[in-house]
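Here's the letter readout for the chains.
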Amino acid sequence: MKLKFCGAVSSVTGSCHLLTTEQHKVLLDCGLYQGGKTLEQMNEEPFPFVPSEIECVILSHAHVDHCGRLPLLVKQGFSGPIYCTDATADLLHIMLPDCAHIQEKETEWANRKADRLGKPHSEPLYTMEDAQETLMLVQPILYDQLFQVNDQMRAVFNDAGHILGSAITELWIEEGEKTTKLVYTGDIGVEERPILRNPVKIKKADVVVMEATYGSRLHESNEHSLQELIQIIVKTVKRGGNVIIPSFAVGRTQELIYELNRFYEANDEYRDFLKRVQVYIDSPMAISTTQVFRRNAQVFDDETKRYILEGDTPLDFPNLNFSRTSQDSMALNSDEKPKIIIAASGMCDAGRICHHLKHNLWNRKNSIVFVGYQANGTLGRRILDGEKEVSVLGEKINVQAEIYNLEGFSGHADRDGLLSWVKGLQKAPKNIFLVHGEDESKEALEALILEETGYPCTAVHGVTEVDLSEIEGMTLEEVERDIVDEEKIMQVRDKLYGIHEVIEDILYSANLAVGEQIPTEKLVQISNVIMQLEKETLNLGMAVTKEAILPEKSGVAKDEE
Ligand SMILES: [Zn+2]
């Protein structure tokens, strides 16, 4: 068995890893490179494998740097299933057409320019048709459900707590008598974050492929960043300025809405002041993603589910506005009132955020607040690095606004979070391969893991292939014990026991009720249980508050990270 690291090997984008056994070829993620021309040109490079030979793709989550080259794979002959979680499948229906739209638009612009120079036309990386074809191949799988990938491999998706639907994949690969277990982390989220559940810690693995985005950094706490954000908003609005927040349309924006909503409800001090400040979500993609979040409440954490059941709508508040059309978006620039604008893309390399930066960066009254990772080469990174003059949409802009970076909103585990995840492994794996990080992060994490756990660890540099055939692996018995995790089984038993009791009680009472032997009081009680069940189903299934908000078709909003 061999494992080839085909992407996210020198930066944080372009995630793609190939697992090859004698009979099978399985791809883990197929992401787009992002962050400046040099990286983006890598998208045009041929894959280091033959796409038509790939049997299936296991997709960790719906961020573009993990899924954005799937339509290209399909265009070049891949036709197998794409396995991912339910929520990821929902998000792909937004992300992939949006990516295709951007590809088509960018080529159109380039070709118009080529016409003027008398140069030949170029083709888009892929088209809307390729994206639609890709969506037909998507096979949603529930979290914690064991599924057969092929006759040699079985897998389970565990919650990664990074964005809605994100998964840490456990993959058991049988070869003859031996089974090797590979764990692919995708991107690992932060514990105790709003909306999402905590990243699941895996106890056993022979080989781990792990992200290292913040391998050398510690974040502020989420609570601290929220307090800071509120202070920035109050200060900026008081001096008559706007707060501009570049945000990833998928995930971060919904978390910001959630946090602002919680803050408004819990905080008397600023409530009246803040309620007068309008908040605009200016990204068609963020709008449709918010809808997907509201549809997938079953994977929220317990706290968020509780709010929903109590009748709160955690992804909504009165002064929240969605800018659907580009006219709505442009109108914001001529509106003099201080306001908060949340727009994509999060790294400012495309989308409506560019217009808002052009209109707000030059004025010292305004504040720009970064809430996510800014990759090398992006406009966001240049602003964050303190450049005093930047080029936005082809125009030179003097940077006068106040610039803030609130890392506590990051969707990625920091150094300690990553280490704590590794410590969840009860035995040393044969190797932990570190990908998805700049060199310095991967190397720092490699040293830290070795020092703290003694587990073998390798920072991956460049496209490389490793041979895993030497790994001893697990026996069949060990595999069964690993798949059937005792703790999980206990939880399932507890749940079943609870359901059994309720149903038994209902059936018994129903029997009595038919014969009119049941006291009215008891009947009311049963009726309440049934109504509660109905309410939970309805609330969880359709936690939609604002009327159906359909995105504009022209969603030019790259999402990344
Ligand atoms: Zn991600």
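In case you missed it, the structure is sitting above this.
Conventions adopted
Residues numbered from 1 in each chain as written. Predicted model: local features only at pLDDT ≥ 70, side-chain atom pairs only at ≥ 80, totals over all residues. Heavy atoms only, no water. Donors = N, O, S within 2.8 Å, 3.2 Å for Na, K, Ca; no water. Tetrahedral: all angles 85-135°; square planar, octahedral: opposite > 155°, others 65-115°. Helix = DSSP H or I, 4+ residues; strand = E, 2+ residues; numbered from the N terminus. Buried < 20%, exposed > 50% of the residue type's maximum accessible area, 1.4 Å probe, protein only. Polar contact = N/O pair within 3.5 Å; in protein donor to acceptor, adjacent residues only side chain to side chain. Contact = heavy atoms within 4.5 Å. Pairing = 2+ DSSP bridges. Axes fitted to C-alpha atoms, helices over the stretch in contact; angles between N-to-C directions.

Participant: Account for the coordination of the zinc ion, with residues named and values stated.
Facilitator: In this structure, H61 (NE2), H63 (ND1), H162 (NE2) and D187 (OD) serve as the protein donors to the zinc ion, at separations of 2.2 to 2.3 Å. In this structure, the zinc ion is coordinated by four donor atoms arranged in irregular fashion, with angles at the metal of 91 to 171°. Of note, the zinc ion draws all its donor residues from one chain, in the sequence arrangement H-x1-H-x98-H-x24-D. Of this pair, H63 sits in the loop between β4 (56-58) and α2 (64-67) while D187 sits in the loop between β10 (178-184) and β11 (207-211), and the two are 124 residues apart along the sequence. H63 gets classed as buried once you look at its relative accessible area, which sits at 1%. Residue classification places D187 among the buried residues on the basis of a relative accessible area of 1%.

Participant: Provide a residue-level description of the side chain of T253, including the pertinent values.
Facilitator: Of note, T253 is situated in helix α7 (residues 252-266). A relative accessible area of 1% places T253 in the buried class. A distance of 2.9 Å separates polar atoms of two side chains, one belonging to T253 and the other to S247. If sequence neighbours within four positions are ignored, T253 has contacts with S247, F248, I281, A286 and I342.

Participant: I'd like a description of the sheet that holds strand β7 (residues 147-150), backed by residues and values.
Facilitator: Strand order in the open sheet formed by seven strands is β7-β8-β9-β10-β11-β20-β21, and the pairing between neighbours is mixed. Lying at the two open borders of the sheet, with one neighbouring strand each, are β7 and β21 (457-459). Taken pair by pair, the neighbouring strands of this sheet meet at an average axis angle of 25°, ignoring direction.

Participant: Hey, could you go over the sheet that holds strand β13 (residues 278-282) for me, with residue numbers and the actual values?
Facilitator: Taken in spatial order, the six strands line up as β14-β13-β15-β12-β16-β19 in an open sheet, and their pairing is parallel. Of all the strands in the sheet, just β14 (320-322) and β19 (402-405) have a single pairing partner and so form its edges. Adjacent strand axes in the sheet meet at a mean angle of 20° when their direction is disregarded. Of the strand pairs in this sheet, strand β12 (residues 243-246) and strand β16 (residues 367-370) are connected by two bridges, and their pairing is parallel.

Participant: So, unusual backbone geometry: which residues are in play, and what are the values?
Facilitator: Both trends apply: most residues other than glycine have a negative phi, and most peptide bonds are in trans. Cis rather than trans, the peptide bond between A344 and S345 has omega equal to 5°. When you line up the elements, S345 lands in the loop between β15 (339-343) and α12 (353-360). With a phi close to 65°, D144 is a non-glycine residue in the positive phi region. Of note, D144 is situated in the loop between β6 (138-141) and β7. Judged by its relative accessible area of 48%, D144 falls in the partly exposed class.

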